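# Observations on the three-dimensional arrangement
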Amino acid sequence: MSTSSLDLLRHGKTTAGSAYIGSTDVALTELGWSQMNASVEHYLITAEPWDLIVSSPLVRCADFSAKLAATLAVPLKIEADLAEYHFGAWENKTALQVMAEFPNKLEQFWQDPLQFPPTNGERLEDFSRRIDAVLEKIRTAYSGQKVLLVCHGGVIRYLLSREQRSAISSMLNFSVAHGELKSIEL
């Protein structure tokens, strides 16, 4: 494969505020749109934009991706398996609500997410396999192309930990701001 890196763009701030929204479909705020626009501004004026944009199906990623793809006149691929980690019973709840409703569970999750997934949430092993499958699709289907992945904090944290060959549980140690653009080596 001639592609050696992959650009990753996290969606901006959403209308859900600080709730765990994982697989919940919520829109970007005006600030969220601004954060993402600021991150890709350089690519709008350079001669080397992306050949392809691959996006999560959730509107906080897909809406921006559609607009960017149209602006750059590049293809857009919506990839269902790029959806964020599913927080189960914690979806749409803030950390304080989770701590009140599920005592000690959030602390356990942050200490050992492999052993203590959210109540009825996605297992981290399943999440990582899902994201690995997407990465493999990109490697085989888009070899030699410059690809932008528009996705979520959990996806990017996992890919950063994977790139560094760290334990999957270390993904929670990576910081990825709303609207932040990062690159990983493939």
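Presented here is an overview of the structure given in this document. (Residues numbered from 1 in each chain as written. Predicted model: local features only at pLDDT ≥ 70, side-chain atom pairs only at ≥ 80, totals over all residues. Heavy atoms only, no water.)

The end-to-end C-alpha distance of helix α5 (residues 124-141) is 26 Å, a good match for the 26 Å that 18 residues give at a rise of 1.5 Å each. Here α5 has its buried residues at Leu 124, Phe 127, Ser 128, Arg 130, Ile 131, Val 134, Leu 135 and Ile 138. Buried residues of α5 fall within an arc of 160° about the axis and therefore sit on the same side. Seen from the buried face of α5, the exposed residues on the opposite side, beyond 90 degrees, are Arg 129 and Thr 140. Where the residues of α5 are buried, they touch β1 (5-10), β4 (147-151) and α6 (153-163). (Helix = DSSP H or I, 4+ residues; strand = E, 2+ residues; numbered from the N terminus. Expected span 1.5 Å × (residues − 1). Buried < 20%, exposed > 50% of the residue type's maximum accessible area, 1.4 Å probe, protein only. Arc of directions from axis to C-beta. Contact = heavy atoms within 4.5 Å.)

With mixed pairing, the 5 strands of this open sheet are ordered in space as β3-β2-β4-β1-β5. At either margin of the open sheet sits one strand with a lone partner, and together these are β3 (76-78) and β5 (181-185). Here the strands of the sheet are splayed against their neighbours by 25° on average, with no regard to which way each runs. Across 4 bridges, the pairing between β1 and β4 is parallel. Residue pairing across strands places Leu 8 opposite Leu 149, the latter belonging to β4. With respect to the sheet, helix α1 (residues 30-45) is in contact with β1, β4 and β5, its orientation differing from that of β1 by roughly 150°. Lying over the sheet, helix α2 (residues 59-72) contacts β1, β2 (52-55), β3 and β4, oriented at roughly 170° with respect to β2. (Pairing = 2+ DSSP bridges. Axes fitted to C-alpha atoms, helices over the stretch in contact; angles between N-to-C directions.)

For the structure on display, the rule yields 10 aromatic pairs. Ring centres of Tyr 20 and Phe 87 lie 4.9 Å apart, and the angle between their planes is 45°; this geometry places the pair in the tilted category. Of this pair, Tyr 20 sits in the loop between β1 and α1 while Phe 87 sits in the loop between β3 and α3 (95-101); the two residues are 67 residues apart in sequence, bridging distant segments of the chain. Taking relative accessible area as the criterion, Tyr 20 reaches 14% and is therefore assigned buried. Since its relative accessible area comes to 12%, Phe 87 is described here as buried. By way of ring pairs, the aromatic residues Tyr 20, Tyr 85, Phe 87, Trp 90, Phe 109, Trp 110, Phe 127 and Tyr 158 are connected into one cluster. (Phe/Tyr/Trp six-rings, centres within 6.5 Å; stacked < 30°, edge-to-face > 60°.)

Moving on to the pairing of β2. The two faces of a sheet get side chains in turn, since along a regular strand they alternate between them. Judged by which residues are buried, β2 turns out to be covered on both faces: Leu 52 and Val 54 on one side and Ile 53 and Ser 55 on the other are all buried. As judged from the 4 bridges shared by β2 and β4, these two strands associate in the parallel manner. Its bridge partner being in β4, Val 54 is matched across the sheet by Leu 149. Sheet analysis places β2 next to β3, joined by 3 bridges and oriented parallel.

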